[in-house]
Amino acid sequence: EYFRIWIVNLLLIVLTLGFYMPFAKARRLRYFYANTVIDGQPLAFHGDPWKMLLGYVLMLLLFGGYSLSGHVSSWLSVVVFALLALLWPALWRSSLRFRLGNTSWRGLRFAFDGDLKGAYRVMLPLAVPMLLILVANAIALQGVDPEDT
């Protein structure tokens with residue numbers, strides 16, 4: 001049964017150049033949640049794929065900008081990465097709120113009450129080492145001719 005959902009999702013993702021991805025994810029979550037039974041009752045996913053599409057487009061723009069910045073300047077990529085690192089905890093928190101807010105069991109919707117300050121506190125130890133590695137890479141590449149690589 002899931003194979004049919006998977007193959008249709010895959011074909012539509014390929015045909016739409018990836019823009020069907022949030023709709024496929026919503027279908028997949030609905031299937032798996034409906035088949036996840038807790039105390040005799042299944043979970044349900046109520047997420048709107050159109051809202052999910054906006055999140056996907058936002059992530060495409062952010063990571064596309066980061067990818068393009070690396071072709072312009074290694075220092076620009078460090079700056080764009082720093083901006084992504086600053087936004088990432090807020091985006092992660094929003095995605096958790098969306099997913100759990102659209103998940104229900106026995107008609108009761110879940111919730112995610114994590115605050116923004118807590119999201120930044122948890123993610124900061126991960127972002128600092130990555131930023132240091134990126135800065136070291138930018139320094140190392142500063143004297144390298146792009147035609148030599």
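In this report, we go over the structure that sits alongside the text. Positions within a chain are numbered from 1, following the residues in the order the chain's sequence is written. Reporting in this predicted model follows two pLDDT cut-offs: at least 70 for local features of residues, and 80 or more for side-chain atom pairs to be given and counted; totals over whole chains, interfaces and linings ignore these cut-offs and use all residues. Water and hydrogen atoms were dropped before computing side-chain values, which therefore reflect all heavy atoms in the structure.

1. Section: unusual backbone geometry
For clarity, the cut-off: By definition, any uninterrupted DSSP run of H or I lasting at least four residues is a helix, any uninterrupted run of E lasting at least two residues is a strand, and each is numbered from the N terminus. For every residue, the accessible area (1.4 Å probe, protein chains only) is compared with the maximum for its type, and the residue is labelled buried under 20%, exposed over 50%, or partly exposed between those bounds.
In this structure, Leu-17 is a non-glycine residue whose phi angle is positive, near 55°. Structurally, Leu-17 is set in the loop between α1 (2-15) and α2 (21-34). The class of Leu-17 is exposed, set by a relative accessible area of 73%. The residue Arg-106 is not glycine, and still its phi comes out positive at about 55°. Counting through the fold element by element, Arg-106 comes out in the loop between β3 (103-105) and β4 (108-109). Arg-106 sits in the partly exposed class, given a relative accessible area of 48%.

2. With respect to the sheet that holds strand β1 (residues 37-38)
Note the cut-off: Strand pairing is defined by DSSP finding a minimum of two bridges between the two strands. In what follows, a contact means two residues having at least one pair of non-hydrogen atoms within 4.5 Å. Axis lines are fitted to C-alpha atoms, over the contacting stretch for helices. Their N-to-C directions set the angle, which ranges from 0 to 180 degrees.
Spatial strand order, β1-β2-β3-β4: 4 strands in an open sheet with antiparallel pairing. In this open sheet, the two edge strands, each paired with only one partner strand, are β1 and β4. As paired elements, β3 and β4 share 2 bridges and run antiparallel to each other. In the sheet register, Ser-104 faces β4, and the bridge partner there is Arg-109. On top of the sheet, helix α4 (residues 74-101) reaches β2 (41-45), β3 and β4; it is set at about 35° to β3, its chief contact.

3. A few points about the pattern of salt bridges
Using the following cut-off: Whenever Lys or Arg places a side-chain nitrogen within 4 Å of a carboxyl oxygen from Asp or Glu, that contact is recorded as a salt bridge.
Taken as a whole and assessed by the stated rule, the structure comprises 1 salt bridge. With a closest N to O distance of 2.9 Å, Arg-106 and Asp-39 form a salt bridge. With Arg-106 in the loop between β3 and β4 and Asp-39 in the loop between β1 and β2, the pair connects residues that are 67 residues apart, well separated along the chain. Given the relative accessible area of 59%, Asp-39 is considered exposed.

4. Thoughts on the pairing of β2
Bridge count between β1 and β2: 2 bridges; the pairing is antiparallel. Its bridge partner being in β2, Ile-38 is matched across the sheet by Gln-41. The turn linking β1 back onto β2 is made up of 2 residues, and Asp-39 within it adopts a positive phi angle of 55°. When β2 meets β3, the two strands line up antiparallel, connected through 3 bridges. In the strand pairing of β3, Phe-45 is matched with Thr-103.

5. Looking at α2
Side chains three or four residues apart in an α-helix point the same way, a direct result of the helix having 3.6 residues per turn. Worth spelling out the cut-off: Every helix has an expected span of 1.5 Å times one less than the residues it contains.
Given a rise of 1.5 Å per residue, 14 residues ought to cover 20 Å, and the 20 Å separating the end C-alpha atoms of α2 matches this to within 8%. Every buried residue belonging to α2 is among Pro-22, Phe-23, Ala-24, Ala-26, Leu-29, Tyr-31 and Tyr-33, and all of these are buried. The inward-facing, buried residues of α2 abut α1, β2, α3 (49-72), α4 and β3.

6. Quick notes on α1
Condition: Directions pointing from the helix axis toward each C-beta atom define the arc.
Compared with the 20 Å implied by 1.5 Å per residue over 14 residues, the 20 Å span of α1 between its first and last C-alpha is a close match. Along α1, the residues classified as buried are Ile-5, Asn-9 and Ile-13. Burial along α1 is one-sided: seen end-on, the buried residues are contained in an arc of 60°. In this structure, α1 carries Phe-3, Arg-4, Leu-11, Val-14 and Leu-15 as exposed residues pointing more than 90 degrees from its buried face. As for α1, its buried residues are in contact with α2. Where α1 ends, the next residue or the one after it, Leu-17, has phi of about 55°, a positive value.

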